[in-house]
Amino acid sequence: MAAHEDADSKRAHVGKKKVAPKRYWDSTEEKGKQHAEEGQKKDVQDGERKKKPEGVMPGVKRKRKDKAGGQKGISGTVDPFPGSAHISKEKLNKFRRGKKKNMSLDASGRLKYRLSRSEVASDLAQKQAARYDLLLPEDAGFLEGEEGEDTCTIAQEDIADAVDITSGAKYFNLSLSQFGPYRVNYTKTGRHLLLGGRRGHVACLDWQTKQLNCEMNVMETVNDVKWLHTEAMFAVAQKKWLYIYDSKGIELHCIRKFNDVLRMQFLPYHFLLATASATGFLQYLDVSVGKEVAAICTKTGRLDVMALNSQNAIIHLGHPTGTVTLWSPNQREPLVKILCHRGGVRSIAVDKTGTYMVTSGLDRKLKVFDIRALRPLQSYLLPAGASCLSLSQRGLLCASTGNIVQVYQDVCGTPVKKPYVAHRVRGSVWGAQFCPFEDVLGVGHSEGFTSMIVPGAGEPNFDGLDANPYRNAKQRQEWEVKALLEKIQPDLIGLDPGQLCQMDRASWEQRHQDKVQALGFDPLAKEKFTPRLKTKGRSSTGKVQKRKKQVAHEDQRDQIRETVEKRLEKEKEKLEKINTDQGQRSALDRFRK
């Protein structure tokens, strides 16, 4: 058996053929032959295929459809919901950025292409924002009483007991009776609180955790306090000058150009601090570079009533004559002047959309104005008038009278007969403001500070790229750098910010007339001098330029002669008038200018 197996193994070994080692050039040649053969087979198969049906573009493949009618994807599975998801018209209108405008036929092709691209991008952004709205599930709060019970009769203690522990902790009182009354200001994120007492007490704190950042006494009268672009700096309007402090209470700047400041407003997207002084001056300070942008003399006396329209960055000022004026740093005169009350204006508030303005005056009336049409919508008569007004992000109005704080709901739309929430504080109110993104109203009075719970006051969903209440120090630094890069110049402030998106359709003739008025002469009235070609070397470049200058000087001399002749004629007319009036001179003529 062993010998038989050995014989079989030898036969198998002898029968195998030796394969020669392959080189790299042999493998490439074989691959090329294989590719050529495969290409010939494909050409034959394409020729044998049936013709494509009519109406199909070349190079476009039809998607296979199954018997149910659904479209098959790349993986072969059928999509039960083909196409993009449906978006309701209400959500699309919520994020609408404006109406589409038809382009004129005179516009160039490049301009039409750019505008069409921008419209496509804006439509996409509108749809994406409407889709992402599903990711914002928070709803605004509300306060509802029992049958026959008014919500204004519900006390703050009862509201704090009814809500959860975190929300109930937002109702608290700070007893600061020595240095009151107090001005109140929240940051844009609604996280930090700034208090300024009339007798010099200044404090800033994280009001949610009750952590005190700094506390000091400036030993001087404090008229107003205001946070700047971040919670790292704030401005204090003291008796003489304007001071800038950091969050630790260290004095950074003393700006002596801004003296006797009574009220302040900060423009976050322009980095401008607007101040109203007792001397009647409205001044703008660019906090990013530390320079004064504009100083406007309003000629209306003491300015102690001030409000900001956050939509178009226009400053609203109230005056003792009962008028409200709207100001921009680009003009020395008021943009709009409205007679609102028969007495002096006590307080002004503007909603976040820039549509409505609420004013209160010494005539004990509370009026709501439509800023777009500049006409009053509602008028209410309060028993003692309102000394301090504030509007929340959801449209609630706070009107304080003495030591009573009343909050009204939907004042702009329909007439209101009773308040939504009412509360009595310990002292007379001097300042009130709603906290952003929170159902909280901060009230500063003569006995300290009170934080009230007002359900439905704050916006429940915030934009993390603009104002994030939960950002850390690094995120705040990155946001500050981006905000400085995107800073809006003060020259762009106007009543209608939509004008910046419109095209300048001025014709060539209008632009030429503007140019003539600016220069004082028509540059195209006379053709340019072209020197005649001369021979014998008299038309060299230097001599041609010399002749051009000589002709230009002659034209200038003619213009100067005309202006001198006109001036002499005016002087002669003045002398003739003086000579005719000399016969009827009196002793008082010496005082005439």
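Refer to the preceding data block for the structure.
Please read these numbers as outputs of a predicted model, since none were measured by experiment. (Residues numbered from 1 in each chain as written. Predicted model: local features only at pLDDT ≥ 70, side-chain atom pairs only at ≥ 80, totals over all residues. Heavy atoms only, no water.)

Caption draft 1: Main features of unusual backbone geometry. Omega for the bond connecting Gly180 with Pro181 falls within 30 degrees of zero, at -5°, which places this linkage in the cis form. On the secondary structure map, Pro181 appears in the loop between β1 (172-175) and β2 (182-186). Positive phi is not limited to glycine here, since Asp260 has a value of about 55°. Looking at the secondary structure, you find Asp260 in the loop between β9 (251-259) and β10 (261-267). Look at Asp260 and you get partly exposed, because its relative accessible area is 30%. Positive phi is not limited to glycine here, since Ala313 has a value of about 60°. Looking at the secondary structure, you find Ala313 in the loop between β14 (305-309) and β15 (314-318). Given the relative accessible area of 6%, Ala313 is considered buried. (Helix = DSSP H or I, 4+ residues; strand = E, 2+ residues; numbered from the N terminus. Buried < 20%, exposed > 50% of the residue type's maximum accessible area, 1.4 Å probe, protein only.)

Caption draft 2: Local environment of the packing of aromatic side chains. The tally for this structure, following the rule as stated, stands at 7 aromatic pairs. Aromatic pair Tyr243 and Tyr245: ring centres 6.2 Å apart, planes at 20°, arrangement stacked. The exposure class assigned to Tyr243 is buried, which follows from its relative accessible area of 11%. Put simply, the rings of Trp227, Phe234, Tyr243 and Tyr245 pair up and form one aromatic cluster. Taking the ring centre of Trp430 as reference, the NZ or CZ of Arg183 above it sits at 3.9 Å. Sitting over the ring of Trp241, Lys240 keeps its end group 5.7 Å from the ring centre. (Phe/Tyr/Trp six-rings, centres within 6.5 Å; stacked < 30°, edge-to-face > 60°. Lys NZ or Arg CZ within 6 Å of the ring centre and 35° of its normal.)

Caption draft 3: Broad picture of the pairing of strand β3 (residues 192-197). Taking burial as the measure, the 6 residues of β3 include 6 buried ones, the bulk of the element. Across 5 bridges, the pairing between β2 and β3 is antiparallel. When the bridges of β3 are listed, Asn185 appears paired with Leu194. In sequence, β2 turns back onto β3 through a hairpin of 5 residues, with Gly190 there showing a positive phi of about 80°. (Pairing = 2+ DSSP bridges.)

Caption draft 4: Geometry of the sheet that holds strand β28 (residues 448-453). Ordered by their spatial adjacency, 4 strands build an open sheet running β1-β28-β27-β26, and the pairing between neighbours is antiparallel. Among the strands making up the open sheet, the edge pair consists of β1 and β26 (429-434). Each strand of the sheet is rotated relative to its neighbour by a mean of 15°, with strand direction disregarded. Bridging between β26 and strand β27 (residues 440-445) involves 5 bridges; their strand directions are antiparallel. (Axes fitted to C-alpha atoms, helices over the stretch in contact; angles between N-to-C directions.)

Caption draft 5: Broad picture of the nonpolar core. Judged by nonpolar contacts, the single largest core of 30 residues is most densely connected at Leu267, Tyr284, Ile315, Leu317 and Met357. Only β11 (272-277), β12 (281-286), β13 (291-297), β14, β15, β16 (323-327), β17 (336-339) and β18 (345-350) provide two or more residues apiece to this core. Among the elements that make up this core, the one with the highest residue count is β14 (4 residues). Sequence-distant contacts of Leu317, defined by excluding residues within four places in its chain, comprise Ala276, Leu282, Thr298, Leu303, Val305, Met306, Thr323, Val324, Thr325, Trp327 and Ile348. Core analysis: the next-biggest nonpolar cluster, separate from the first, contains 22 residues, Tyr171, Val429, Phe434 and Met452 among them. (Core = buried A, V, L, I, M, F, W, Y, C linked by side-chain atoms within 4.5 Å. Contact = heavy atoms within 4.5 Å.)

Caption draft 6: A look at helix α7 (residues 473-485). Over its 13 residues, α7 extends 19 Å from the first C-alpha to the last, a length consistent with the 18 Å expected when each residue adds 1.5 Å. All of the buried residues along α7 are Arg476, Trp479 and Ala483. For α7, the buried positions fall inside an angular range of 65° around the axis, keeping them on one side. Exposed and facing more than 90 degrees away from the buried side of α7 are Lys474, Val481, Lys482 and Leu485. Near the N-terminus of α7, the side chain that reaches the backbone nitrogen of Lys474, with its oxygen 3.4 Å away, is that of Asn472. (Expected span 1.5 Å × (residues − 1). Arc of directions from axis to C-beta. Polar contact = N/O pair within 3.5 Å; in protein donor to acceptor, adjacent residues only side chain to side chain.)

It is worth stressing that arrangement in space is one thing and function is another; only the former is reported here.
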